[in-house]
Amino acid sequence: MDALTPFVTWLDQWSTEMPLLAGAVGIVGLLILAFIVHRMTRRLLIRGARHLAAQTSSTWDDALIGHRLFRSLSHVVPAFILYFGVDWFEELPERTVAIIKNVSVGYGVLFVVLATGALINALSAIYEQQPVSRERPLKGFFQVTKILIYFVGAVLVLAAVVDKSPLLFFSGLGALTAVLLLVFKDTILSLVASVQIATSGILRVGDWVEMPQYGADGDVIDIALHTVRVQNWDKTVTTIPTHRFISDAFKNWRYMSMSGGRRIKRALNVDMGSVRFLSPSEVDHLHEFALLRDYIDDKRAALKTANASLEDDGNVNARRLTNLGTFRAYIGAYLSNHNGINAGMTLIVRQLDPTPNGLPLELYAFTRSTVWADHEQVKSDVFDHLIAIAPSFGLRVFQTPSGADMTTAFRERGAE
């Protein structure tokens, strides 16, 4: 201690003779101390958090680390050092001390707000990992909460720096309400839309939606406060304002997936020139089809009863089987026995109004699988079979004549 006495005496005399310079040197030393403590605190917090996270199997602690919560909290410690440490330098003017304290308070509040924002981001990430997040997307609520916290934090930081009451700033916002409503119009609309979407469940992540007015046709991959992102089937991404899902019409295919069946609604155009009555030999031939035996037996009995009152079975008014009606019956039986068709849902085979392109024979049924690829496979298999078997009923599938058709016709005519 005796060796340090001359240095202490000189330092005391120097600080008395040049108080401002001594205070400036002291502030620099205080800043260096705050920086060193900040680095140590950050390292301790992050290492400690990572060590604890490694000991657990949960993901919430990883989310806190990943969103830099502890980095933001480590900045609060140097703010305390500056705020309380500046009182050690009595030679500094009161105004300078007040400014340093105000800045240190604002600095601390700023990083508390940033830490709170990081915590909200982590909570949002944790929630999105839960299965319930697909049914109740709350990302918009987390974003609104962050906006409010940042807004209040900005006012508190400004109030701390200028040494004014925060209530003074909040009271002054009343005159700016109209301007704020105009500036945050889209945010307010999106907030209301997010509430309606979350409470009603009309839209969820993973839903297949169609919104032609925005060119969107694909899966919802993100529901945020301001926008909803849809990944289209061509792997492009369409961004749509959230409030448009409340104000505009869109198609959600989720309920189709939940129903357990996906609709087939397609017509097979039959050439009306090929529609005719079946001869008895043709009826016997079709009776060999396992799917038609019960139908033909029932029809034979019904026709026999209906024609019994007629004097001659060859009467023009006698009822007879048609190839088109039998073909419709075959399609119904074929679909009912098809493994890929959901027989428990609506199944109709009907005629539509004739057109210049033939008589549409429409199939209305549902596949068991709602997966797009499986659905298309079943639909293609069904129509492959029907197109191929139509000639067995004496029917022709209509198509507009092509060059090959004309060549064949001329060749046959020349052969005659």
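Coordinates for the structure precede this section.
The numbering scheme is per chain: residues are counted from 1 as the chain's sequence reads. For this predicted model, a pLDDT threshold of at least 70 governs which residues receive local features, and a threshold of 80 or more governs which side-chain atom pairs are given and counted, while totals over whole chains, interfaces and linings are taken from all residues. As a convention, hydrogens and water are excluded, and side-chain values are obtained from all of the structure's heavy atoms.

Undergrad: Would you mind showing me how to read the nonpolar core here?
TA: The nonpolar side chains of a soluble globular protein tend to be buried with one another. Take the buried Ala, Val, Leu, Ile, Met, Phe, Trp, Tyr and Cys residues and link them wherever side-chain atoms come within 4.5 Å; each set so joined is a nonpolar core. Summary of the burial criterion: residues with accessible area below 20% of their type's maximum are buried, those above 50% are exposed, and those between are partly exposed, where the area comes from a 1.4 Å probe applied to protein chains only. In this structure, Phe327, Ile331, Leu335, Val382, Leu386 and Phe393 are the most contacted members of the largest nonpolar core, which totals 31 residues. The secondary structure listing takes helices from DSSP runs of H or I that are at least 4 residues long and strands from runs of E that are at least 2 residues long, numbered from the N terminus. Residue assignment for this core shows that the elements contributing at least two residues are strand E6 (262–270), helix H14 (280–287), helix H15 (293–307), helix H16 (323–336), strand E8 (359–367) and helix H17 (372–389). Note on contacts: a residue pair is in contact if any heavy atoms of the two residues lie within 4.5 Å. Setting aside its immediate chain neighbours within four residues, Leu335 contacts Ile341, Leu347, Val349, Leu363, Ala365 and Val382. Listed in part, the 11 residues of the second largest apolar core include Ile197, Val220, Ile240 and Phe245.

Undergrad: Can you help me understand the side chain of Glu362 in this one?
TA: Among the secondary structure elements, Glu362 is positioned in strand E8. Of the residues examined, Glu362 reaches a relative accessible area of 6% and is grouped as buried. Within 3.5 Å is the distance limit for a polar contact, defined as a pair of N or O atoms, with the added protein rule that one can donate a hydrogen and the other accept it, and that residues adjacent in sequence qualify only through two side-chain atoms. Polar side-chain contacts of Glu362 include one of 2.7 Å to the side chain of Arg350. Ignoring sequence-local partners within four residues, the contact set of Glu362 consists of Lys265, Arg266, Ala267, Ile348, Val349, Arg350 and Leu352.

Undergrad: Before we go on, may I ask you to explain the environment of Leu189 in this structure?
TA: Residue placement: Leu189 occurs in helix H11 (residues 185–200). Once the C-alpha coordinates of Leu189 and Leu225 are considered, the two residues, 36 residues apart in sequence, prove to be 9.5 Å apart.

Undergrad: I tried to follow the sheet that holds strand E3 (residues 227–232) on my own but got confused; where do I start?
TA: Strand pairing in a sheet takes place through backbone hydrogen bonds and is either antiparallel or parallel in direction. Two strands qualify as a pair provided DSSP detects at least 2 bridges between them. Spatially, five strands are ordered E4-E3-E2-E1-E5 in an open sheet, and the strand pairing comes out antiparallel. Two strands close off the open sheet at either side, each with one partner strand: strand E4 (237–241) and strand E5 (251–252).

Undergrad: Before we go on, may I ask you to explain unusual backbone geometry in this structure?
TA: Leaving glycine out, the prevailing phi sign among residues is negative, and the prevailing peptide bond configuration is trans. Unusually for a residue other than glycine, Lys235 sits at a positive phi of about 75°. Of note, Lys235 is situated in the loop between E3 and E4.

Undergrad: What is the right way to read empty space enclosed by the protein from this model?
TA: In this approach, a probe sized like a water molecule rolls over the atoms, and the result shows the empty space that is left. A pocket, in this scheme, is an open set of points on a 1 Å grid over the protein atoms alone with protein on both sides within 12 Å along at least 5 of 7 lines, while a cavity is a set where a 1.4 Å probe fits but cannot get out; residues line either one if an atom lies within 4 Å of a point. Grid points are joined across faces, edges and corners, and a volume is the space filled by probe spheres set on the points. This model, assessed by the stated rule, comprises one cavity of 30 Å³ or more. If you add up the space inside the largest cavity, you get close to 40 Å³. Taken together, Pro137, Leu138, Lys139, Gly140, Ser194, Ile197, Ile223 and Ala224 form the lining of the largest cavity. When residues of the lining of the largest cavity are traced back to their parent elements, those giving at least two are helix H8 (139–162) and H11. Each residue belonging to the lining of the largest cavity can be placed in one class, and the counts come to five nonpolar, two polar and one charged. In this count, Pro and Cys sit with the nonpolar residues alongside Ala, Val, Leu, Ile, Met, Phe, Trp and Tyr, while Asp, Glu, Lys and Arg are called charged and the others, Gly among them, polar.

Undergrad: What exactly am I supposed to notice about the pairing of E4 here?
TA: Two faces make up the sheet, and in a regular strand the side chains alternate between them. With burial as the criterion, only one face of E4 is covered, namely that bearing Thr238 and Ile240; the residues Val237, Thr239 and Pro241 on the opposite face remain uncovered. Sheet topology places E3 next to E4; five bridges connect them, and they run antiparallel. Counterpart to Val230 in the pairing with E4 is Thr238. With antiparallel pairing between neighbouring strands as the criterion, E3 and E4 make up a hairpin whose turn holds four residues, including Lys235 at a positive phi of roughly 75°.

Undergrad: What should I look at first to understand the packing of H8 against H11 in this one?
TA: Any two packed helices are characterised by how steeply their axes cross, that is the angle between the axes, and by the distance between the axes. Packing of H8 against H11 brings their axes to within 9 Å, and their N-to-C directions diverge by 145°. H8 and H11 meet at a crossing whose hand is left-handed. Note on element contacts: H11 touches H8 through Thr187, Leu191, Ser194, Val195 and Ala198, opposite Gly140, Phe141, Val144 and Ile147. Across the contact of H8 with H11, the residue classes break down as six nonpolar, three polar and no charged. Only C-alpha atoms enter the line fits that serve as axes; for helices the fit covers just the stretch in contact. Angles between N-to-C directions range over 0 to 180 degrees. Helix crossings get a hand from a simple test, with the near helix turned counterclockwise from the far one by less than a right angle marking a left-handed crossing and a clockwise turn marking a right-handed one.

Undergrad: Would you mind showing me how to read H8 here?
TA: Since one α-helical turn is 3.6 residues long, residues separated by three or four positions face the same way. Every helix has an expected span of 1.5 Å times one less than the residues it contains. With 24 residues, H8 should cover 34 Å at 1.5 Å per step; its first-to-last C-alpha distance of 35 Å lies within 8% of that length. When H8 is considered as a whole, its buried residues turn out to be Gly140, Phe142, Val144, Lys146, Gly153, Val155, Val157, Ala159 and Ala160.

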